[in-house]
Amino acid sequence: MTTSATVPSSVPTRPETARASGLLLAVILVGQFLAILNVNIVNVATPTIEADLRSSGAGLQLIVAGYTIVYAVLLITGARIGDLFGYRRAFLTGLALFTLTTLGAGLAPSTEWLIGFRLAQGSGAALMMPQVLTLIQRNYQGAARGRALGLWSAVISGGIVVGQALGGILLGLGAGWRIVFLVLVPIGALLLVAGVRALPADSGGESRAGLDPWGLVTLSAAVLLFVVPLVLGRELGWPAWGWASMALSVLVFFAFVRVERWVTGRGGRPLVNATVLAAPGMRPGLAVLLLGPATWGAFLFTSALHLQGELHLSPLASGMMLVPCALAYAVVGLGWPRLPGRLQRSLVPFGFVVAAPAYIGLGLAAGGGVLYAILSALVGAGLGVQVAVTNMATERVDDAYAADASGALLTVMQLGQVIGISTVGTLFISLTANPVGVSASLISALALAALALLAAVGSLFLVRQRNAA
């Protein structure tokens, strides 16, 4: 990663690139894949879980959403833990916790036990996931770093699609809902063994800063107050407490900002360092990585509902329909580092401009088929530039602050997906239940196109700051 005077380092950066290997990248990306897979693989199993454990509606919501809630709340904390105790140690500990709680979920005797294990799974993922991006930032540079980030982003997009398709395949075998958890346990165990050998032994652990407990409490409260009503609000009919909670989250967030200024003034290291946010490209990058994933998460969510609900496709068939989208996303994400610098800068806003009309085309071609697959591939190709956004946002951040940047980026991306699913997803469901003369797919597609165009505008500021730097 390029070091800039904009973000001073109190810790000398170590040249770790020489130790980077294909096995290191494979281990951390497979770990990330397991964590992303777990968000979606459970969705298709909820009817079977309900019948077997006699779960209530609220219980099912927590089984599905509890993982996401804990994961979103603890991401930045997980990044700081890696900075304090070592990225290798944090990744392996998170992977071990994730694997053990996945086993527990597969053996859970009741709804309450399953919810508890899902919450613990989310904490394991939150400890593991930030270390992936941090290890890439610290161990790969130049074109190798661009390729690694391309694979990182491809795994995120592929995990979402594969999760739904794999869930359908496993349930189709007739082994029951427990198989969607238990099949991941041996993979996690093998990954732990490989990780002990592959991960750099002395990576991280250099920071002498504390955990910033007041920052941790206020930020976690702000995220929790915001995410919980967004995740559960649709199923609960958007109760008044949800709106009050989201309003309160804004006040708590401002309290968090004041706390961080106080920690900085006392000479401590805040949970989210202002110097990281001041690095060229970070602020517009965060805005783009809020809007882009919002369209991506909402698109995959509404597409699954449309393909399985209105078109009556199986979970496997609907997942396969989105494979061209995921492949196009991966091709662009892996290919952009090979382009000349001038084209790389132009690629980012152009990608979102391509995605916007492709979304509208999907709304018009809601009948599925080849045209639907082609347009979804255009969406994937357009949003594949988010890999370049991640690189441009972090390339001027000092390696000593890689964990801070990773935690901030991943949290914003996760919040973006939650916001997109909760807003556009709710719009789609409401219009499907109460038609207004225009198809729910088309109106939702227009909303997604608007978000993509806003991301394009934000990316112009990102490119401008990168050029100035």
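Values in this document were obtained by computation on a predicted structure and should not be read as measured data.

Student: Any chance you could break down the overall build of the protein for me, citing the residues and the numbers?
Tutor: A count of helices and strands for the protein gives 19 helices and 0 strands. For the protein, the C-alpha radius of gyration of 21 Å lies close to 23 Å, the compact-globule estimate for 469 residues. Counting only C-alpha atoms, the protein reaches 60 × 50 × 45 Å along its principal axes. Looking at the protein as a whole, 57% of its 469 residues are labelled buried. Sequence-distant contacts in the protein: of pairs separated by 6 or more residues, those separated by 24 or more amount to 85%. Summed over all atoms, the accessible surface of the protein reaches about 18100 Å², with 70% contributed by carbon and sulfur. Separation of charge centres in the protein, based on 25 positive and 15 negative side chains, amounts to 8 Å.

Student: I'd like to hear about the packing of helix α4 (residues 87-107) against helix α8 (residues 185-198), residue by residue, with values.
Tutor: For any two helices packed against each other, one specifies the crossing angle of their axes together with the interaxial distance. Direction vectors running N to C along α4 and α8 enclose 160°, while the axes themselves pass 9 Å from each other. Considering the angle they form, α4 stands roughly antiparallel to α8. Between α4 and α8 lies a crossing whose hand is left-handed. Side by side, α4 and α8 meet where Arg88, Leu92, Leu95, Ala96, Thr99, Thr102 and Leu103 of the first sit next to Val185, Gly188, Ala189, Leu191, Leu192, Gly195 and Val196 of the second. Looking at the contact of α4 with α8 residue by residue, the class counts come to 9 nonpolar, 4 polar and 1 charged.

Student: Which residues make up a nonpolar patch on the surface, and what are the values?
Tutor: Side chains of Ile169, Leu316 and Met320 sit close together on the surface and give an oily, nonpolar patch of about 250 Å² of accessible area. For Met320, the location among the structural elements is in helix α13 (residues 315-321). Of the residues examined, Met320 reaches a relative accessible area of 49% and is grouped as partly exposed.

Student: Give a description of the environment of Pro337 that names residues and reports values.
Tutor: Tracing the backbone shows Pro337 in the loop between α14 (323-335) and α15 (341-364). Among residues more than four places away in sequence, those in contact with Pro337 are Gly146, Arg147 and Gln344.

Student: Lay out unusual backbone geometry in plain terms, naming residues and giving numbers.
Tutor: A positive phi is found at Arg54, a non-glycine position, where the angle reads about 55°. In this structure, Trp238 takes a positive phi of about 50° despite not being glycine. As for its position among the elements, Trp238 is in the loop between α9 (213-232) and α10 (240-265).

Student: Talk me through the packing of helix α12 (residues 282-310) against helix α17 (residues 386-394); I want residue IDs and the actual numbers.
Tutor: Two elements in contact, α12 and α17, have axes whose closest approach is 8 Å; the angle formed by their N-to-C orientations is 155°. Classified by the angle their axes make, α12 and α17 are roughly antiparallel. Here α12 and α17 pass one another in a crossing that is left-handed. From α12, Met282, Gly285, Val288, Leu289, Gly292 and Pro293 reach across to α17, where they touch Gln386, Val389, Thr390, Ala393 and Thr394.

Student: If you had to explain the environment of Ile36 to someone new, which residues and values would you point to?
Tutor: In this fold, Ile36 is placed in helix α1 (residues 22-40). Among the residues examined, Ile36 registers a relative accessible area of 10% and is labelled buried.

Student: Please give an account of the nonpolar core that cites residues and values.
Tutor: Ranked by size, the top nonpolar core spans 108 residues in total, and within it Ile28 and Trp152 carry the most contacts. Those residues in contact with Trp152 that lie beyond four places of it in its chain are Leu29, Gln32, Val132, Leu133, Ile136, Thr390, Leu410 and Met413. Val73, Ile76, Leu216 and Val227 belong to the second largest nonpolar core, which has 17 residues in total.

Student: Please give an account of α14 that cites residues and values.
Tutor: Here α14 is 13 residues long and its end C-alpha atoms lie 18 Å apart, about the 18 Å a rise of 1.5 Å per residue gives. Cys325, Ala326, Ala328, Tyr329, Ala330, Val332 and Gly333 are the residues of α14 that are buried.

Student: Which residues make up the packing of aromatic side chains, and what values go with them?
Tutor: This model, assessed by the stated rule, comprises 9 aromatic pairs. Measuring from ring centre to ring centre gives 5.8 Å for Trp238 and Trp243, while their planes differ by 35°; the resulting arrangement is tilted. On the basis of relative accessible area, Trp238 is assigned to the partly exposed category, the value being 24%. Geometrically, the ring pair formed by Phe253 and Phe256 is tilted, given 6.1 Å between the ring centres and 40° between the ring planes. On the criterion of helical spacing, the pair formed by Phe253 and Phe256 is a turn pair, its members being 3 residues apart in helix α10. Members of the aromatic cluster, connected to one another through ring pairs, are Trp296, Phe299, Tyr329 and Tyr359.

Student: Could you give an account of the confidence of the model for the protein, with specific residues and numbers?
Tutor: Per-residue confidence for the protein averages 82 on the pLDDT scale, and 91% of its residues sit at or above 70. Taking the mean pLDDT of every element in the protein, the minimum, 74, falls on α13 and the maximum, 95, on α4. Low pLDDT, under 50, characterises residues 1-19; the predicted model gives this stretch 47 contacts beyond four residues in sequence or across chains.

Student: Describe the side chain of Gln386, listing the residues and the values that go with them.
Tutor: If you trace the backbone, Gln386 turns up in helix α17. Residues contacting Gln386, with those up to four places away along its chain left out, are Leu289, Gly292, Pro293, Tyr329 and Phe352.

Student: Tell me about the pattern of salt bridges, and name the residues and values.
Tutor: Here the structure, examined in full by the defined rule, presents 1 salt bridge. One salt bridge connects Arg178 with Asp52, and the closest N-O pair in it is separated by 3.9 Å. Of this pair, Arg178 sits in the loop between α6 (142-172) and α7 (179-182) while Asp52 sits in helix α2 (residues 46-53); the two residues are 126 residues apart in sequence, bridging distant segments of the chain. Judged by its relative accessible area of 25%, Arg178 falls in the partly exposed class.

Student: Outline the side chain of Glu260, supporting the account with residue identities and numerical values.
Tutor: Inspection of the secondary structure assignment puts Glu260 in helix α10. Buried and unpaired, Glu260 has no salt bridge, with Arg80 as the nearest side chain of opposite charge at 6.4 Å. Other than its neighbours up to four places away in sequence, Glu260 contacts Asp212, Gly215, Pro270, Leu271 and Val272.

Cut-offs and rules
Residues numbered from 1 in each chain as written. Predicted model: local features only at pLDDT ≥ 70, side-chain atom pairs only at ≥ 80, totals over all residues. Heavy atoms only, no water. Helix = DSSP H or I, 4+ residues; strand = E, 2+ residues; numbered from the N terminus. Rg over C-alpha atoms; globule rule 2.2 N^0.38 Å. Buried < 20%, exposed > 50% of the residue type's maximum accessible area, 1.4 Å probe, protein only. Contact = heavy atoms within 4.5 Å. Areas by Shrake-Rupley, 256 points an atom, 1.4 Å probe, with all protein chains shown as cover. Lys, Arg positive; Asp, Glu negative; His and termini not counted. Charge placed at Lys NZ, Arg CZ, Asp CG, Glu CD. Axes fitted to C-alpha atoms, helices over the stretch in contact; angles between N-to-C directions. Parallel < 35°, antiparallel > 145°, perpendicular 65-115°, else oblique. Left-handed = near helix turned anticlockwise from the far one by under 90°. Nonpolar A, V, L, I, M, F, W, Y, C, P; charged D, E, K, R; others polar. Patch = residues over 30% accessible without salt bridge, like charges linked within 9 Å, V, L, I, M, F, W, Y side chains within 5 Å. Salt bridge = Lys/Arg side-chain N within 4 Å of Asp/Glu carboxyl O. Core = buried A, V, L, I, M, F, W, Y, C linked by side-chain atoms within 4.5 Å. Expected span 1.5 Å × (residues − 1). Phe/Tyr/Trp six-rings, centres within 6.5 Å; stacked < 30°, edge-to-face > 60°. pLDDT = per-residue confidence, 0-100.

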